[in-house]
Amino acid sequence: AERRIMWRETVLIRAVRSSDMEAVREVYRSSQVVMSRQEFIIHLLRLFKHPYLVILTVIIFLLLYCILQDVVWAAVWGVWVVVVLEGSRYWMFWRQIRRVFQPGPDLLNLMCYYSHSRRLFLVAEVDGEIVGTAAVRETDDPYTAKLMRMFVHPRFRRKNIASRLVEACHSEADHLGYKAVELLTHTTNHSAIKCYLKAGYTPLYVKNFARLYPHTFDTIHFIWKIK
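Residues numbered from 1 in each chain as written. Predicted model: local features only at pLDDT ≥ 70, side-chain atom pairs only at ≥ 80, totals over all residues. Heavy atoms only, no water.

1. Thoughts on the overall build of the chain
Here is step 1: Broken down by element type, the chain carries seven helices and eight strands.
Here is step 2: For 227 residues, the compact-globule formula gives about 17 Å, and the C-alpha radius of gyration of the chain, at 22 Å, lies well above that figure.
Here is step 3: Overall size of the chain, expressed as C-alpha extent along the three principal axes, is 80 × 35 × 30 Å.
Here is step 4: A buried classification covers 45% of the 227 residues belonging to the chain.
Here is step 5: For the chain, restricting intrachain contacts to residue pairs at least 6 apart in sequence, the fraction spanning at least 24 positions comes to 64%.
Here is step 6: With an accessible surface of roughly 13,100 Å², the chain has 60% of that area assigned to carbon and sulfur atoms.
Here is step 7: Distance between charge centres in the chain, computed from 31 positive and 20 negative side chains, equals 3 Å. (Helix = DSSP H or I, 4+ residues; strand = E, 2+ residues; numbered from the N terminus. Rg over C-alpha atoms; globule rule 2.2 N^0.38 Å. Buried < 20%, exposed > 50% of the residue type's maximum accessible area, 1.4 Å probe, protein only. Contact = heavy atoms within 4.5 Å. Areas by Shrake-Rupley, 256 points an atom, 1.4 Å probe, with all protein chains shown as cover. Lys, Arg positive; Asp, Glu negative; His and termini not counted. Charge placed at Lys NZ, Arg CZ, Asp CG, Glu CD.)

2. Things to note about helix α6 (residues 161-175)
Here is step 1: In a regular helix each residue adds 1.5 Å, so 15 residues correspond to 21 Å; α6 covers 21 Å between its end C-alpha atoms and thus fits that length.
Here is step 2: Considered for burial, the residues of α6 that qualify are Ile161, Arg164, Leu165, Val166, Ala168, Cys169, His170, Glu172 and Ala173. (Expected span 1.5 Å × (residues − 1).)

3. What to know about the UniProt feature "transmembrane region" (unreviewed entry) in the chain
Here is step 1: Sites flagged by UniProt as "transmembrane region" (unreviewed entry) map to residues 47-65 and 71-92.
Here is step 2: Between the C-alpha atoms that bound residues 47-65 the distance is 24 Å, and the span itself is 95% helix and 0% strand. (UniProt positions renumbered as here; feature names shortened; annotations may be inferred.)

4. Quick look at the environment of Phe40
Here is step 1: Looking at the element boundaries, Phe40 is found in helix α1 (residues 21-49).
Here is step 2: Note on Phe40: relative accessible area 29%, which makes it partly exposed.
Here is step 3: It is 7.6 Å that separates the C-alpha atoms of Phe40 and Trp94, two residues lying 54 residues apart in sequence.
Here is step 4: Here Phe40 is in contact with Tyr90 and Trp94, once residues within four sequence places are set aside.

5. Things to note about the pairing of strand β5 (residues 144-152)
Here is step 1: Of all nine residues that make up β5, eight are buried, and the element is covered over most of its length.
Here is step 2: In the sheet, strand β4 (residues 129-138) pairs with β5 via six bridges, with the strands oriented antiparallel. Pairing of Ala135 across the sheet is with Met148, part of β5.
Here is step 3: For the crossover from β5 across α6 to strand β6 (residues 180-186), the handedness is right-handed. (Pairing = 2+ DSSP bridges. Right-handed = clockwise from strand over helix to strand, strands pointing away.)

6. What to know about the UniProt feature "domain: N-acetyltransferase" (unreviewed entry) in the chain
Here is step 1: Within this numbering scheme, the UniProt entry marks residues 82-227 as carrying the feature "domain: N-acetyltransferase" (unreviewed entry).
Here is step 2: The span residues 82-227 shows a helical share of 33% and a strand share of 38%, and its end C-alpha atoms are spaced 55 Å apart.

7. Thoughts on the packing of α1 against helix α3 (residues 71-97)
Here is step 1: At a minimum axis distance of 12 Å, the contact between α1 and α3 shows a crossing angle of 140°. The angle between α1 and α3 falls in the class oblique. α1 and α3 meet at a crossing whose hand is right-handed. From α1, Ser36, Glu39, Phe40, His43, Leu44 and Leu47 reach across to α3, where they touch Glu86, Tyr90, Phe93, Trp94 and Ile97.
Here is step 2: Tallied by class, residues from the contact of α1 with α3 come to seven nonpolar, two polar and two charged. (Axes fitted to C-alpha atoms, helices over the stretch in contact; angles between N-to-C directions. Parallel < 35°, antiparallel > 145°, perpendicular 65-115°, else oblique. Left-handed = near helix turned anticlockwise from the far one by under 90°. Nonpolar A, V, L, I, M, F, W, Y, C, P; charged D, E, K, R; others polar.)

8. Here we look at the environment of Phe209
Here is step 1: Residue position: Phe209 is located in strand β7 (residues 202-212).
Here is step 2: Classification of Phe209 by relative accessible area gives partly exposed; the value is 33%.
Here is step 3: In this view, Phe209 contacts Gln96, Ile97, Arg99, Val100, Phe217, Asp218 and Thr219; residues no more than four positions away in its chain are not counted.

9. Side note on the side chain of Gln32
Here is step 1: Along the chain, the position of Gln32 falls in helix α1.
Here is step 2: A relative accessible area of 6% places Gln32 in the buried class.
Here is step 3: Each residue touching Gln32, except ones within four places of it in the same chain, is listed here: Val100, Phe101, Gln102 and Phe151.

10. Side note on the pairing of β4
Here is step 1: Burial of β4 is extensive: eight of the ten residues sit out of reach of the surface.
Here is step 2: The loop that links strand β3 (residues 120-126) with its antiparallel partner β4 comprises two residues; one of these, Asp127, has a positive phi angle of about 50°.

The structure is reproduced here in structure tokens:
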């Protein structure tokens, strides 16, 4: 019989089945579309608030005014040049980080990848519908696991499902002989950071993933030790 890892109210946390593949991919797609859109907007708004943009605009305007000797045309062409220039630079920066929101090799061959004896992939099920996922895999340290693929469908967020998935992963990691669980997320993923801190994770360090001034994308690394 299948072991039900956690069941509270209408939320069932269990191991993934081969019949869950399409539902798992739908949770992933829905979550990543929302997350990538939020990340895109966050960095775009940061650019608008950054002094760099104001200084660049003023410099380009003054240069064009010296050439054209017309305030209106200098302003019109100045805006156009800034939009093209910074739009191109922002797109180059976004190309560096958008791969974070693309599926990894484990999701392309889920059942095979997580058939390893020290790996597991869990799903959260509500009334028969897959609404969340989480996975644990080994690291270079035989006593430390890595928590990954933490996704909750946008329609089911703020229902404590992520916390239940994390709790279930901790329980299973302990069962597999791990002594600690590590993870990483990006620093702008505030809801995830709040969830991990609530679960008892300790931040270790922040590492830069991509940078193109004034844009930067950083990841924060956490660890949780099994008591």
